[in-house]
There are 2 protein chains.
Amino acid sequence: MKKKYSFITTLLLSATLSQAQTADSVVVKKLYDATLSHGQSYEWLRQLTTQIGGRLAGSANAAKAVQWGKNVLEQAGADRVFLQDVMVPHWERGAKEEAYIVVGKQKITVPLLALGGSIATPKKGIQAEVIEVQNFQELRALGKEKCEGKIIFFNRPMDATKINTFEAYGGAGDQRRSGANEASKVGAIGVIIRSLSNTLNDYPHTGSMQYATGVPLIPAGAISTNAAELLSKTLKENPKTQFFFKQNCETLDDAPSHNVVAEIKGSEKPDEYIVVGGHLDSWDVAQGAHDDGTGIAQSMEVLRLFKELGIRPKRTIRIVLFMNEENGNRGGIKYAELAKQNNEKHIFALESDSGGFTPKGFGIQGAAASVFEKIQGYKSLFAPYGLHEIERGGGGVDIGPLGPQGTVLIGFKPDSQRYFEYHHASNDKFDTVNQRELELGAASIASLVYLLDKYGL
Amino acid sequence: MKKKYSFITTLLLSATLSQAQTADSVVVKKLYDATLSHGQSYEWLRQLTTQIGGRLAGSANAAKAVQWGKNVLEQAGADRVFLQDVMVPHWERGAKEEAYIVVGKQKITVPLLALGGSIATPKKGIQAEVIEVQNFQELRALGKEKCEGKIIFFNRPMDATKINTFEAYGGAGDQRRSGANEASKVGAIGVIIRSLSNTLNDYPHTGSMQYATGVPLIPAGAISTNAAELLSKTLKENPKTQFFFKQNCETLDDAPSHNVVAEIKGSEKPDEYIVVGGHLDSWDVAQGAHDDGTGIAQSMEVLRLFKELGIRPKRTIRIVLFMNEENGNRGGIKYAELAKQNNEKHIFALESDSGGFTPKGFGIQGAAASVFEKIQGYKSLFAPYGLHEIERGGGGVDIGPLGPQGTVLIGFKPDSQRYFEYHHASNDKFDTVNQRELELGAASIASLVYLLDKYGL
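This is a predicted model, so every value here is computed, not measured.

Caption draft 1: Main features of the pairing of strand β13 (residues 345-351) of chain B. Residue and element names in this part refer to chain B. Judged by how many residues are buried, β13 sits mostly within the fold: six of seven residues are covered. Two elements, strand β11 (residues 269-279) and β13, share six bridges in a ladder whose sense is parallel. Pairing of V275 across the sheet is with A349, part of β13. Pairing of β13 with strand β16 (residues 408-414), which is carried by four bridges, proceeds in the parallel orientation.

Caption draft 2: Representation of the packing of helix α4 (residues 136-147) of chain B against helix α6 (residues 174-185) of chain B within the structure. All names here are of chain B. It is at 10 Å that the axes of α4 and α6 come closest, and there the two elements cross at 10°. By the angle between their directions, the pair α4 and α6 is classed as roughly parallel. Crossing of α4 against α6: the hand is right-handed. Here F136, L139, R140 and K144 of α4 lie close against α6, whose contacting residues are D174, Q175, S178, G179, E182, A183 and K185.

Caption draft 3: A look at the domain arrangement of chain A. Residues and elements named next belong to chain A. Parsing chain A into structural domains produces domain 1 (25-91 + 253-455) and domain 2 (96-248). Of note, the centres of domain 1 and domain 2, computed from C-alpha atoms alone, are 33 Å apart. In this complex, domain 1 contributes 17 residues to the contact, which on the side of domain 2 involves 24 residues. Together, the buried faces of domain 1 and domain 2 total about 1500 Å²; carbon and sulfur atoms form 62% of this surface. Considering only the surface of domain 1 that becomes buried against domain 2, W91, F420 and H424 emerge as the three largest contributors, covering 40% of it. Remark: the boundary between domain 1 and domain 2 carries zero salt bridges. Inspection of the region where domain 1 meets domain 2 yields six residue pairs in polar contact (both at pLDDT 80 or more). Broken down by class, the residue content of the side of domain 1 that touches domain 2 amounts to seven nonpolar, eight polar and two charged.

Caption draft 4: The arrangement of unusual backbone geometry in detail. Omega for the peptide link from A:D291 to A:D292 comes to 5°, which places this bond in the cis form. Mapped onto the elements, A:D292 comes out in helix α8 (residues 289-308).

Caption draft 5: The arrangement of the sheet that holds strand β6 (residues 151-154) of chain A in detail. Residue and element names in this part refer to chain A. In spatial order, the strands read β3-β2-β9-β5-β6-β7-β8-β4; together these eight strands make up an open sheet with mixed pairing. The strands lining the two open edges of the sheet, one partner per strand, are β3 (106-109) and β4 (112-114). Taking the axes of each pair of neighbouring strands and ignoring which way they run, one obtains an average angle of 30° across the sheet. Of the pairings in the sheet, the one linking strand β5 (residues 126-133) to β6 comprises four bridges and is parallel in character. From the neighbouring strand, V133 faces β6, where its bridge partner is F154.

Caption draft 6: Structural context of the relation of the copies chain B and chain A. Screw-axis analysis of chain B against chain A gives a translation of 0.0 Å along the axis, an RMSD of 0.0 Å, and a rotation angle of 180°. Read as a symmetry element, the transformation amounts to a two-fold axis. Every residue of chain B has its C-alpha some distance from the rotation axis, and the shortest such distance is that of B:H388, at 3.5 Å. Comparing contact sets, 100% of the residues at the interface of chain B also lie at the interface in chain A, consistent with an isologous, same-surface contact.

Caption draft 7: View of the interface of chain B and chain A. Every contact between the two is made by 25 residues of chain B and, on the other side, 25 residues of chain A. Summing both sides of the interface, chain B and chain A together bury roughly 2200 Å²; the carbon and sulfur share of this comes to 52%. The three residues of chain B that bury the most area against chain A are B:I163, B:Q417 and B:R436, which together make up 29% of that side's buried surface. Between the two partners, chain B and chain A, sit two salt bridges. Put simply, A:E437 and B:R418 hold a salt bridge, and the shortest N to O gap is 3.5 Å. Our count for the contact surface shared by chain B and chain A stands at twelve residue pairs in polar contact (both at pLDDT 80 or more). Elements that contribute at least two residues to the side of chain B that touches chain A include exactly α1 (2-38) and α13 (435-455) of chain B. Counting residues per element, the side of chain B that touches chain A draws most heavily on α1(B), at four residues.

Quick notes on the rules
- Residues numbered from 1 in each chain as written.
- Chains lettered and ligands numbered in written order.
- Predicted model: local features only at pLDDT ≥ 70, side-chain atom pairs only at ≥ 80, totals over all residues.
- Heavy atoms only, no water.
- Buried < 20%, exposed > 50% of the residue type's maximum accessible area, 1.4 Å probe, protein only.
- Helix = DSSP H or I, 4+ residues; strand = E, 2+ residues; numbered from the N terminus.
- Pairing = 2+ DSSP bridges.
- Axes fitted to C-alpha atoms, helices over the stretch in contact; angles between N-to-C directions.
- Parallel < 35°, antiparallel > 145°, perpendicular 65-115°, else oblique.
- Left-handed = near helix turned anticlockwise from the far one by under 90°.
- Contact = heavy atoms within 4.5 Å.
- Domains from an automatic or database assignment.
- Buried area = accessible area lost by both parts, 1.4 Å probe.
- Salt bridge = Lys/Arg side-chain N within 4 Å of Asp/Glu carboxyl O.
- Polar contact = N/O pair within 3.5 Å; in protein donor to acceptor, adjacent residues only side chain to side chain.
- Nonpolar A, V, L, I, M, F, W, Y, C, P; charged D, E, K, R; others polar.
- Least-squares fit on C-alpha atoms with pLDDT ≥ 70 in both.

Next up, the structure:
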């Protein structure tokens, strides 16, 4: 009898499960259909990138973006929208940079951008012979004898054979982040790096760098990948080649800014929180389309979709437009601080900050094995939409500080092939975003949030 | 004893299988690495699209493309390269088309392209009132009474909710292919269609149409999606709105042209053939980058990769650059005819004609269940490269005529979201192709060809 009973139970259970899957697949389809047929994310992205544009933390444009985000989320029907005060670093690029390769009497102008956080050069710029290296080890081996008074040129390309371009970026990033410190230690007077991009073109890519304590501060800039190829070739032909660059950037006092937070109140567990977000700031030279206007637009679309389809979440969903991801992460840190201070239990946080490309899946961080398996169980619901990768890893810079509070961190994973063509460069523009790719991402995120809220973690 | 024996056999067998999988994964990785680090497909695409450009069958540019393809394949190390003679349709667009919406005394110029195969309008153009319909049923219901002497405007958009955009294209394609015939049956004097694109912009998309026998021939053109939206809105406001268009196209006598065929001779079964190809022709108004310069460049890269890595296939691999896919498929038909005539056993043919986007997988047509399962068994080898979809379906126009000979037909399936932004329009340009996406496709195709040649079907 027992066996029979359990057989019937299994049958009933699997019938119920299958019904639930069917019901879920209907909701998921509605989310995709609504986004693809009349979603707002593309229009919102257009506003943010073309009407406001570049919006580095502390800038007037960043303040405009905060106001814009608040207005849009209010109009989209959030139960409440509020700002979180946060002091952010305030770095300004100043007047246009200048750079050229000097071979004898010939000057070849090349495109350069100061790295974010760098000091200026002296007003008239600096010029010196160039030492090209691939990595810190090579630099240290050359030592003071070879490097003193020189400009160090870090020219290690992103590894083209990495299929996930974020891995290639990770493998080359130390040159930008710490190149100035390492070069300073061997007596160099300036640093230029090959832009962190896997495309050969004329756009220099900026990005943040930090000075270490105890070493002299030297200016650091990035030249385009084409310029890096040219400089390297020129150096091979003429090792006495010099490089000139001038940048006028400065770090001002910290400035007041804000995270923007919009809520849909939970119907059953309003004190449990789910965060969906991206970062509102971008580098100054770009429209900040893929980085991270698309994450902002997709997060806002999640709220709009829930409202349109009348989905009442059990838990409180917070759409968070974080401030200052690019050069300080003060917004992310502040959000987590306040969450702790207010005893808010965050069950998971999801970030979209890998561009607005065709979705491939999600990366899960900090989930117990059973939770991870549960999330993987939703794979079949996502397969019709081309998402196949629910893997360990992921997360995001802004939501990272929630990790120590036990919050599961989820990174939205779109296709990564084109991201570093645009990342931190002036070609990161609205017109490089494909509307359907953006919308598929918004619907994918909304679907996962719907499932995880409904079934819990 | 028997059990034990079979247990050991199983162990040995699975060890052997696993070793084979490991060896295969090494070769597959080499194929991807070589393409991503120093592949030639992107450079070849640049040559074909920017140095030759649009190349409709029968045109001087198509002849240039044949010569170019032959040269490149010879230089890439093919064992032999030969041309197959084929007579192709020869349609010419003539002088630039003209079109405008007429509301009272106001004329609003809109972008229009004659559909391939259409007749010209009378020299001074045609102007008439417009009847907007969504489909043939609606048109038939209106009948002669409403449509006689009018211009029919087919305005059914591609369904945005279809995830695979080729399905949406399939669902809207009858308007272009047969709209003129259906309109002619109810006495219309001309046809304009909403471009088959899921993007709202100003590019009209051409494409082939065929006249049916027994109905009067009327001219047919496509207007951009933005123009279609405008015309529809204008008609709602003023049903007496007229439309004017003028096109000067003509169909000339069939012209001589060629398929280009390059071989790597099989080492064990030289009389068994594998075809890898795309089509060399493109519409006249475009550079033919995604349609189908990318398929051509990827197919040629397969040969280059096999040569570089010293892979000697068991069977004879033929890289085929087919002529006239766009408006007649004479190249595909001729290839299959000759294969039959020469008693060539083609075990499978693979076509890349869905754009040079990030690969998602392959569609398999005409394979027995066991063969299909065998191919699906390679999924794990492709997963590290982001390919997850090995499904039924697929094939390709050019390879289609080989189907009745028992050849398994395989379609390369890249991500489809951006394809119809460019398809058959003047924005289908080299600079819309991302090098990495293109190269990932080339390596994916080379890997599948390697596996299917090694293990057979």
